[in-house]
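# Fold and contact review
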Amino acid sequence: LSLNALQNYQALLAFHLSKKNTAALIDIDLERLEYAYQISVRKDKEELYKNALLQISSKYANYPEADEADFLLAQWFNGKSTTKNDYKKQAKSILEKIIARKNNSEGNANAQNLLSTILKPSIHITLENVNVPGIPFRALIEYENIKKVYFRIVKSTPEIAEKRQKLSQNEENTFWKFITSLPADKEWEQNIPNLNDYEKHSAEIKIDALNAGQYYIIASLNKNFNFDNNILLSQINHISNLAYVYL
C-alpha cells in the first residue's frame, strides 16, 4: 500500500512537471513528503524531512505555494521545541517571514494561526486547598508568554457564597464582575521570570500570611481585572488550623 501510494505520487509529479504546472507540482510534492515522513521508520527521517522542506522552499521561493513548505518547516521546529533549544524562536521567525510576504496562500493562513498559538499567553495556578493561619504559603504558577500577574485576595462571606451558588454556569461573567468589584483584603503585582523563548515555564511565588477564613485568590493578566484580552483565574483557599488525615 505504501509503495503504491508513493508510486502514485511520482506519477502525479511527472504529470505536473510535463505540463509545467509548478503550483500543482509544489502541492503534490509537499503531500508526497508529508506522507513519506509519516510512514518512515528511518532514524534520520527528521533531518531528511527538514532538508527536503528547505530545498522546496529555496527552489520555489517565488511561488506562493512554497509558503506551505515554510509553514511545515516552522511547524516542525515548533513541534521539536524544548526549553533546551531555541526551536520555537526559529519557528516564530519563519512564520513572520511568511506573513510578511502577504501572499494569498494556504501557507500564509496557516502561518498566522500557528504564530497566534505560539504567542498566546497561558497561566495555571496551583495552591494547597488548606493553609495555616499566620504563615505565608506558596503557589505554583505554570505559564507561557507572561511577564507579570496581578493578584487580589477577597475574603468570602455567607453573602458571597450564596450569590456564587445561585449563579448558573451561563452567568459566570456576572460573578466575575461581582467578585472583582469587591474590596480586596490584599492585592499586589508579581513579576514572573520570562525568558522570551515562548516555552512553558513554572515558578513558585509566596503569598503573605492570612487570618483564618475562606478566601478567593484571584489572578489577572491586567491590573484592571477586566475581560478585555485577559485571563482571569480564581481559586478558593481555606486558611485553617484543622488538618485532615486520611487512613
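Further up the page is the structure itself.
Below is a summary of the structure that appears in this document.

Conventions and cut-offs
Residues numbered from 1 in each chain as written. Predicted model: local features only at pLDDT ≥ 70, side-chain atom pairs only at ≥ 80, totals over all residues. Heavy atoms only, no water. Helix = DSSP H or I, 4+ residues; strand = E, 2+ residues; numbered from the N terminus. Rg over C-alpha atoms; globule rule 2.2 N^0.38 Å. Contact = heavy atoms within 4.5 Å. Buried < 20%, exposed > 50% of the residue type's maximum accessible area, 1.4 Å probe, protein only. Polar contact = N/O pair within 3.5 Å; in protein donor to acceptor, adjacent residues only side chain to side chain. Pairing = 2+ DSSP bridges. Axes fitted to C-alpha atoms, helices over the stretch in contact; angles between N-to-C directions. Expected span 1.5 Å × (residues − 1). Arc of directions from axis to C-beta. Core = buried A, V, L, I, M, F, W, Y, C linked by side-chain atoms within 4.5 Å. Parallel < 35°, antiparallel > 145°, perpendicular 65-115°, else oblique. Left-handed = near helix turned anticlockwise from the far one by under 90°. Nonpolar A, V, L, I, M, F, W, Y, C, P; charged D, E, K, R; others polar.

Looking only at helices and strands, the protein chain features eight helices and eight strands. For the protein chain, whose C-alpha radius of gyration is 26 Å, the value lies well above the compact-globule estimate of 18 Å for 247 residues. With the C-alpha coordinates of the protein chain rotated into their principal frame, the extents come out at 80 × 40 × 35 Å. For the protein chain, contacts bridging at least 24 residues in sequence account for 67% of all contacts bridging at least 6.

Below, the discussion takes up the side chain of Ser-81. Here Ser-81 shows up in the loop between helix H4 (67–79) and helix H5 (87–101). Classification of Ser-81 by relative accessible area gives buried; the value is 15%. Separated by 3.1 Å, the side chains of Ser-81 and Glu-199 make a polar contact.

Spatially, three strands are ordered E1-E3-E6 in an open sheet, and the strand pairing comes out antiparallel. Each end of this open sheet is capped by a strand with a single partner; those strands are strand E1 (122–127) and strand E6 (201–207). Adjacent strand axes in the sheet meet at a mean angle of 25° when their direction is disregarded. Where strand E3 (residues 137–144) meets E6, seven bridges bridge the pair, whose relative direction is antiparallel. Paired with Arg-138 across the strands is Lys-206, a residue of E6.

What follows covers helix H3 (residues 45–59). An ideal rise of 1.5 Å per residue puts 21 Å on 15 residues; H3 measures up with 21 Å between its terminal C-alpha atoms. All buried positions along H3 are accounted for by Lys-45, Tyr-49, Lys-50, Ala-52, Leu-53, Ile-56 and Ser-57. When H3 is viewed along its axis, its buried side chains cluster within an angular range of 160° and face the same direction. Facing away from the buried side of H3 by more than 90 degrees, the exposed set consists of Gln-55, Ser-58 and Lys-59. Lining the buried residues of H3 we find helix H2 (22–39) and H4.

Another aspect to go through is the pairing of strand E4 (residues 148–155). For E4, the buried fraction is high: six of the eight residues fall into the buried class. Strand direction decides the pairing type here: E4 and strand E5 (residues 186–191), joined by six bridges, are antiparallel. In the strand pairing of E5, Ile-153 is matched with Lys-186. Sheet analysis places E4 next to strand E7 (residues 213–220), joined by six bridges and oriented antiparallel. Note that in E7 the partner of Arg-152 across the bridge is Ile-218.

A word on the nonpolar core. Of all hydrophobic cores here, the largest spans 30 residues; its most connected members are Leu-30, Tyr-49, Leu-53, Ile-56 and Leu-95. When near neighbours in sequence (up to four residues on either side) are disregarded, Tyr-49 contacts Leu-33, Glu-34, Tyr-37, Leu-72 and Trp-76. Core analysis: the second largest hydrophobic core is formed by 20 residues, Tyr-143, Val-149, Leu-210 and Ala-219 among them.

The N-to-C vectors of H3 and H4 enclose an angle of 150°; their axes lie 8 Å apart at closest approach. On the basis of their axis angle, the class for H3 and H4 is roughly antiparallel. Judged by the sense of rotation from one axis to the other, the crossing of H3 with H4 is left-handed. Only Ala-69, Asp-70, Leu-72, Leu-73, Trp-76 and Phe-77 of H4 make contact with H3, whose side of the interface consists of Glu-46, Tyr-49, Lys-50, Leu-53, Leu-54, Ile-56 and Ser-57. When grouped by side-chain class, the residues that make up the contact of H3 with H4 number nine nonpolar, one polar and three charged.

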